[in-house]
Amino acid sequence: MVSKKREHFGGRVAVILAMAGSAIGLGNIWRFPYMVGEHGGAVFIIIYVLSTLLISLPVFLAEVMIGRRSHTNARDAFARLSRQHPFWKTAGYLTILIPMLISSYYSVIGGWSLEYLFKSCGFAFSGMAPEAASTLFGSFVSSTWTPVLMHLLFFAATVGIVAGGVRSGIEKFSKIILPVLFVLIVLILIYSVSLPGAGAGVRYLMHPDWSQLTPRTFAYAMGQSFFSLSLGMGAIITYGSYVNKKENILVTSTGTAVFDLLFAILAGFAIMPAVFAAGIEPGACPGLIFQSIPYVFAKMGATLPVLSGIVSIVFFLAVIVAAMTSSISLVEVGVSFLMERARLSRVKACLLIFALCGGVGVLCSLSFGPLAGVKIAGMAIFDLLDWVCSNILLLVMALLAVAFVGWILPRRVVHDEFTSHQLYPFNDRIFPLVYFLLKWVAPIAVVIIFFTNFIL
Ligand code: TRP
């Protein structure tokens, strides 16, 4: 049997760390701050927190249950649990397609981080005028070769780690780097808040301007929340299949969600004050952190050049590793599928993914430069892919996952999974509430929010 061969994570800490490793990544550090900037600051944060607790957490639980119950890859999980129902067999393919699409443009941003790491290694920012450090990004991103090369380098490293196997590859990586990144973000936050002009940024994050609230805010906030928790695309299903039968999934899921939320909000507070201090437009573009963080390092470098140099190196290194653990989880979905379905060896599956997704990523990278003029539905290739994935495909897939658990799986099975076969009395007590969220609240909210995408 294929399922017997699947590896298991060590213990609870290992599960949370691996899931947090997948969840915490560029979504928190890069994507969240610019989404906040594009969608009105504090208002976005409020909707984001609400949708994480009321919608994403149930979806997260649903995905872990699907994975753990079926004990297989994301695509086959639906097929197996629905006893090969044709609809769910087909739907399962989406869980393979989405991570492949995301991994392709995700590694473009990973590549930008790599470039900024190299720049930091030459202490580039600490000796620069702060304005120059923040405008550097524009010329880098619009050039042709360097961003493409960096993207391919980042992606090759990711795929290389996946080729090394689940345990050795993923667990070790996430253990060391998350605490380091956490501490650095807090340090940068403290410094960034102390910059002249930073107060406006703090106000922007703390005082909701309700006139900024539009139906679209909900769609973007929920999409961001799914993206950040690695939901709606089989990553958590795949991780769930490695989770021990006795594990308390309420604890691991809530733990992961809280960590993830904290990271995103801290990153927002580290970056936005600097954005205002530097006079950067908060809704600028996906480059927001690559403009604001170098500004911070240049400012710091004016008085403390060595410290600034070292912090910038460790910061970008940590961002890259955090990005890589997430990217690994994206790639792992496709690889796991190709291995179990197409019976490819791990290495061959990895090579195939590298060729396919790496190629799409090249187009995304070029869409900031030579292909900037190529617009589809008014969006450049990168933006279009990100929008289609986060605001459409993720929502569809998250809906399918949560509806599957709420409506297709028998209530008894869901109860067994949620309580790990009656092992946890607290889970037993709150089950009716969780089941209500799974069956009614989350699916209906996702459907309504999905359609708001098209109303405006
Ligand atoms: N959650 C990751 C981040 O915040 C990105 C990610 C990894 C992801 N795996 C995923 C997003 C699966 C969606 C689905 O950076």
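Residues numbered from 1 in each chain as written. Predicted model: local features only at pLDDT ≥ 70, side-chain atom pairs only at ≥ 80, totals over all residues. Heavy atoms only, no water.

**Comments concerning the overall build of the protein**
In step 1: Within the protein one finds 18 helices and 2 strands.
In step 2: Radius of gyration (C-alpha) of the protein: 21 Å, near the 23 Å computed for a compact globule of 456 residues.
In step 3: Restricting to contacts in the protein with at least 6 residues of sequence separation, those with at least 24 account for 83%.
In step 4: Approximately 16600 Å² of the protein is accessible, and the part contributed by carbon and sulfur atoms is 72%.
In step 5: The centroid of the 29 positive side-chain charges in the protein is displaced by 10 Å from the centroid of its 18 negative side-chain charges. (Helix = DSSP H or I, 4+ residues; strand = E, 2+ residues; numbered from the N terminus. Rg over C-alpha atoms; globule rule 2.2 N^0.38 Å. Contact = heavy atoms within 4.5 Å. Areas by Shrake-Rupley, 256 points an atom, 1.4 Å probe, with all protein chains shown as cover. Lys, Arg positive; Asp, Glu negative; His and termini not counted. Charge placed at Lys NZ, Arg CZ, Asp CG, Glu CD.)

**Remarks on the pattern of salt bridges**
In step 1: Applying the stated criterion across every chain yields a total of 7 salt bridges.
In step 2: Between glutamate 417 and arginine 68 there is a salt bridge whose closest N-O contact spans 2.9 Å. Note that glutamate 417 is positioned in helix α17 (residues 411-418) and arginine 68 in helix α3 (residues 42-70), a separation of 349 residues in sequence. For the pair shown, glutamate 417 and arginine 68 are each scored as buried.
In step 3: Here glutamate 115 and lysine 119 are joined by a salt bridge, their closest N and O atoms 2.6 Å apart. With glutamate 115 and lysine 119 both in helix α5 (residues 86-121) and 4 residues apart, the pair spans about one turn of that helix.
In step 4: Because the salt bridges share partners, they merge into one network encompassing Arg68, Arg69 and Glu417. (Salt bridge = Lys/Arg side-chain N within 4 Å of Asp/Glu carboxyl O. Buried < 20%, exposed > 50% of the residue type's maximum accessible area, 1.4 Å probe, protein only.)

**Comments concerning unusual backbone geometry**
In step 1: The backbone of phenylalanine 123 sits at a positive phi, close to 55°, despite the residue not being glycine.
In step 2: You can see phenylalanine 123 is positioned in the loop between α5 and α6 (130-142).
In step 3: Located in the positive-phi region is glutamine 422, a residue other than glycine, with phi close to 65°.
In step 4: In this structure, glutamine 422 sits in the loop between α17 and α18 (425-455).
In step 5: Given the relative accessible area of 51%, glutamine 422 is considered exposed.

**Quick look at a nonpolar patch on the surface**
In step 1: Taken together, Ile46, Leu50, Leu53, Leu54, Trp210, Leu213 and Phe218 make up a surface patch of nonpolar side chains, about 620 Å² in accessible area.
In step 2: Residue placement: leucine 213 occurs in the loop between α9 (199-206) and α10 (215-228). (Patch = residues over 30% accessible without salt bridge, like charges linked within 9 Å, V, L, I, M, F, W, Y side chains within 5 Å.)

**As for helix α7 (residues 145-163)**
In step 1: Compared with an ideal rise of 1.5 Å per residue, which puts 19 residues at 27 Å, α7 spans 27 Å between its outermost C-alpha atoms and is within 8% of the ideal.
In step 2: All of the buried residues along α7 are Pro147, Val148, Met150, His151, Phe154, Phe155, Thr158, Val159, Ile161 and Val162. Here the buried residues of α7 occupy an arc of 165° about the axis, which is enough to place them on one side. Of the exposed residues in α7, the ones pointing more than 90 degrees away from its buried face are Trp145 and Leu149.
In step 3: Positive backbone phi, at 105°, marks glycine 165, one or two positions downstream of α7. (Expected span 1.5 Å × (residues − 1). Arc of directions from axis to C-beta.)

**Here we look at the site of the ligand**
In step 1: Within the structure, the ligand sits among 16 residues, and Ala23, Gly27, Tyr106, Phe227 and Met233 are positioned closest to it.
In step 2: Residue glycine 27 places a main-chain N or O atom 2.7 Å away from an oxygen atom belonging to the ligand.
In step 3: Asparagine 28 places a side-chain nitrogen or oxygen 3.4 Å from an oxygen atom of the ligand.
In step 4: Burial of the ligand by the protein chains amounts to 100% of its free accessible area of 360 Å². (Near = heavy atom within 4 Å. Polar contact = N/O pair within 3.5 Å; in protein donor to acceptor, adjacent residues only side chain to side chain.)

**Looking at the confidence of the model for the protein**
In step 1: Overall, the prediction assigns the protein a mean pLDDT of 91, with 96% of residues at 70 or greater.
In step 2: The spread of mean pLDDT over the elements of the protein runs between helix α8 (residues 166-193), the lowest at 79, and α9, the highest at 97. (pLDDT = per-residue confidence, 0-100.)

**Some words on the state of the cysteines**
In step 1: Inspection of the entire model under this criterion finds 0 disulfides.
In step 2: Residue cysteine 364 stays outside any disulfide, its sulfur separated by 9.0 Å from that of cysteine 389, the closest cysteine.
In step 3: The buried category is assigned to cysteine 364, whose relative accessible area is 0%. (Disulfide = S-S within 2.5 Å.)

**Some details on the packing of α10 against helix α16 (residues 381-408)**
In step 1: Look at α10 against α16: their axes get within 9 Å of each other, and the N-to-C directions meet at 75°. By the criterion of interaxial angle, the relationship of α10 to α16 is roughly perpendicular. Between α10, through Ala219, Tyr220, Met222, Gly223, Phe226 and Phe227, and α16, the contact on the second element is made entirely by Asp386, Trp387, Ser390, Asn391, Leu394, Leu395 and Ala398.
In step 2: Grouping the constituent residues of the contact of α10 with α16 by class yields 9 nonpolar, 3 polar and 1 charged. (Axes fitted to C-alpha atoms, helices over the stretch in contact; angles between N-to-C directions. Parallel < 35°, antiparallel > 145°, perpendicular 65-115°, else oblique. Nonpolar A, V, L, I, M, F, W, Y, C, P; charged D, E, K, R; others polar.)

**A word on the environment of isoleucine 310**
In step 1: For isoleucine 310, the location among the structural elements is in helix α14 (residues 305-341).
In step 2: Here the alpha-carbon distance between isoleucine 310 and cysteine 121, two residues 189 residues apart in the chain, equals 8.2 Å.

**Quick notes on the packing of α10 against α18**
In step 1: Two elements in contact, α10 and α18, have axes whose closest approach is 8 Å; the angle formed by their N-to-C orientations is 120°. In terms of crossing hand, the pair formed by α10 and α18 is left-handed. From α10, Pro215, Arg216, Phe218, Ala219, Met222 and Phe226 reach across to α18, where they touch Val446, Ile449, Thr452 and Asn453.
In step 2: The class makeup of the residues in the contact of α10 with α18 is 7 nonpolar, 2 polar and 1 charged. (Left-handed = near helix turned anticlockwise from the far one by under 90°.)

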